[in-house]
Amino acid sequence: DQQVKQNSPSLSVQEGRISILNCDYTNSMFDYFLWYKKYPAEGPTFLISISSIKDKNEDGRFTVFLNKSAKHLSLHIVPSQPGDSAVYFCAASANRGGGADGLTFGKGTHLIIQP
Amino acid sequence: DAGVIQSPRHEVTEMGQEVTLRCKPISGHNSLFWYRQTMMRGLELLIYFNNNVPIDDSGMPEDRFSAKMPNASFSTLKIQPSEPRDSAVYFCASSPHRSGNTIYFGEGSWLTVV
């Protein structure tokens, strides 16, 4: 049973427009959420995160929104650039009070930015 | 700074053979993770270590899989005997202790079992 779900395997967006990637989770114990970006033949790299005490976190062109009541988060990329074409993984963690626990990942969304 | 280093990058092996994947975490990181990526299941956590001690191995698919961390700078994931369904990309990742939940991935080991 997938605890972190990314229901869109792929998304195509025109360069310069907004990209919105969605993620849903089922585990109420999750209190920290992250987005990772992955290029082909490389490992995932950390992009942006948000704690459950916040509903928005912004870093340059990237903003993550968290709706705890809906158990939903989204990643907005504005404006989208060709280099943003990659697979984006949503991840979640239930911090058990110390040390890094393993993250639970969604299956990923392949974002394609069209010129 | 050196990131997480994995070897081999690519391995093709015959069914029934033993496979050993290796990982060197980022220096100073106390937590180490092994993940497996497949098309069907995405990124799955297999096992993770804190201070070289296995904490959660509930993701290890079966007894054919084993992982060790003999010291803070080295870990192995072994599959014996290997099967075609083990074909996947295996990622090692590490994280500093008590620094939050961001983990840093290596470039992965691409395993093909024929």
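Residues numbered from 1 in each chain as written. Chains lettered and ligands numbered in written order. Predicted model: local features only at pLDDT ≥ 70, side-chain atom pairs only at ≥ 80, totals over all residues. Heavy atoms only, no water.

Novice: Can you explain the overall build of chain B? Please cite residues and give values.
Specialist: Each helix and strand in chain B was counted, giving zero helices and 11 strands. Beginning at the N terminus, the succession of helices and strands in chain B can be written as β-β-β-β-β-β-β-β-β-β-β. Its C-alpha atoms give chain B a radius of gyration of 13 Å, within 12% of the compact-globule value 13 Å for 114 residues. Over its C-alpha atoms, taken along the principal directions, chain B stretches across nearly 40 × 30 × 25 Å. Intrachain contacts of chain B at a sequence separation of at least 6 include 53% that bridge at least 24 residues. In chain B, 10 positive and 12 negative side-chain charges are present, and the distance between their average locations comes to 4 Å. (Helix = DSSP H or I, 4+ residues; strand = E, 2+ residues; numbered from the N terminus. Rg over C-alpha atoms; globule rule 2.2 N^0.38 Å. Contact = heavy atoms within 4.5 Å. Lys, Arg positive; Asp, Glu negative; His and termini not counted. Charge placed at Lys NZ, Arg CZ, Asp CG, Glu CD.)

Novice: For the state of the cysteines, give the residues involved together with the corresponding values.
Specialist: Following the criterion strictly, the structure yields two disulfides over all chains and no others. Paired through a disulfide, Cys23(A) and Cys90(A) show a sulfur-sulfur distance of 2.0 Å. Taking the sign of the torsion about the S-S bond as the criterion, the disulfide between Cys23(A) and Cys90(A), at about -75 degrees, is left-handed. Taken as a pair, Cys23(A) in strand E3 (residues 19-25) and Cys90(A) in strand E9 (residues 86-93) lie far apart in primary sequence, 67 residues in all. What makes Cys23(A) buried here is its relative accessible area of 1%. Assessed through its relative accessible area of 0%, Cys90(A) is described here as buried. Residue pairing for Cys23(B): its cysteine sulfur links by disulfide to Cys92(B), the two sulfurs lying 1.9 Å apart. Of note, the bridge from Cys23(B) to Cys92(B) carries an S-S torsion of about -70 degrees and is left-handed in sense. (Disulfide = S-S within 2.5 Å. Buried < 20%, exposed > 50% of the residue type's maximum accessible area, 1.4 Å probe, protein only.)

Novice: How would you summarise unusual backbone geometry if you had to cite specific residues and measurements?
Specialist: Residue Pro79(A) is bonded to the preceding Val78(A) through a cis peptide linkage, with omega at -15 degrees. With respect to the helices and strands, the residue Pro79(A) is situated in the loop between strand E8 (72-77) and E9. Here the bond from Ser7(B) into Pro8(B) is cis, since omega is -10 degrees, no more than 30 degrees from zero. Within the secondary structure, Pro8(B) is located in the loop between strand E1 (5-7) and strand E2 (10-13). Positive phi values are uncommon outside glycine, yet Ala41(A) reaches one of about 65 degrees. Relative to the helices and strands, Ala41(A) is located in the loop between strand E4 (32-38) and strand E5 (45-51). In this model, Asn51(B) sits at a positive phi of 50 degrees, which is unusual for a non-glycine residue. Positionally, Asn51(B) belongs in the loop between strand E5 (42-50) and strand E6 (53-56).

Novice: Please provide a residue-by-residue account of the nonpolar core, values included.
Specialist: Residue and element names in this part refer to chain A. Formed by 24 residues in total, the largest nonpolar core has its most connected members in Phe 33, Trp 35, Leu 73, Leu 75 and Tyr 88. When residues of this core are traced back to their parent elements, those giving at least two are E3, E4, E5, strand E7 (62-67), E8, E9 and strand E11 (109-114). Counting residues per element, this core draws most heavily on E9, which supplies four residues. (Core = buried A, V, L, I, M, F, W, Y, C linked by side-chain atoms within 4.5 Å.)

Novice: Account for the sheet that holds strand E8 (residues 74-79) of chain B, naming residues and giving values.
Specialist: All names here are of chain B. Sheet architecture is open: four strands sit in the order E1-E3-E8-E7, paired in antiparallel fashion. At either margin of the open sheet sits one strand with a lone partner, and together these are E1 and strand E7 (65-71). If you compare each strand with its neighbour and ignore which way they point, the axes differ by 15 degrees on average. Pairing between E1 and strand E3 (residues 19-24): three bridges, direction antiparallel. Residue pairing for E3: Gln 6 is matched across the bridge by Cys 23. (Pairing = 2+ DSSP bridges. Axes fitted to C-alpha atoms, helices over the stretch in contact; angles between N-to-C directions.)

Novice: I'd love a proper account of the packing of aromatic side chains, names of residues and values included.
Specialist: Under the criterion given, the structure shown has 12 aromatic pairs over all chains. A ring pair is formed by Phe105(A) and Phe105(B), whose centres lie 5.8 Å apart and whose planes are at 75 degrees; its orientation type is edge-to-face. Residue Phe105(A) is found in strand E10 (residues 104-105), and its partner Phe105(B) is found in strand E10 (residues 104-105); the two belong to separate chains. Of the two residues examined, Phe105(A) and Phe105(B), each falls in the buried class. The interplanar angle of 90 degrees and the centroid separation of 6.0 Å between the aromatic rings of Phe91(B) and Phe105(B) together place this pair among those described as edge-to-face. Linking Phe91(B) in strand E9 (residues 88-95) with Phe105(B) in strand E10, this pair joins segments that are 14 residues apart in sequence. Among the aromatic residues, those joined into a ring-pair cluster are Tyr36(A), Phe46(A), Phe89(A), Phe105(A), Phe33(B), Tyr35(B), Tyr48(B), Phe91(B) and Phe105(B). (Phe/Tyr/Trp six-rings, centres within 6.5 Å; stacked < 30°, edge-to-face > 60°.)

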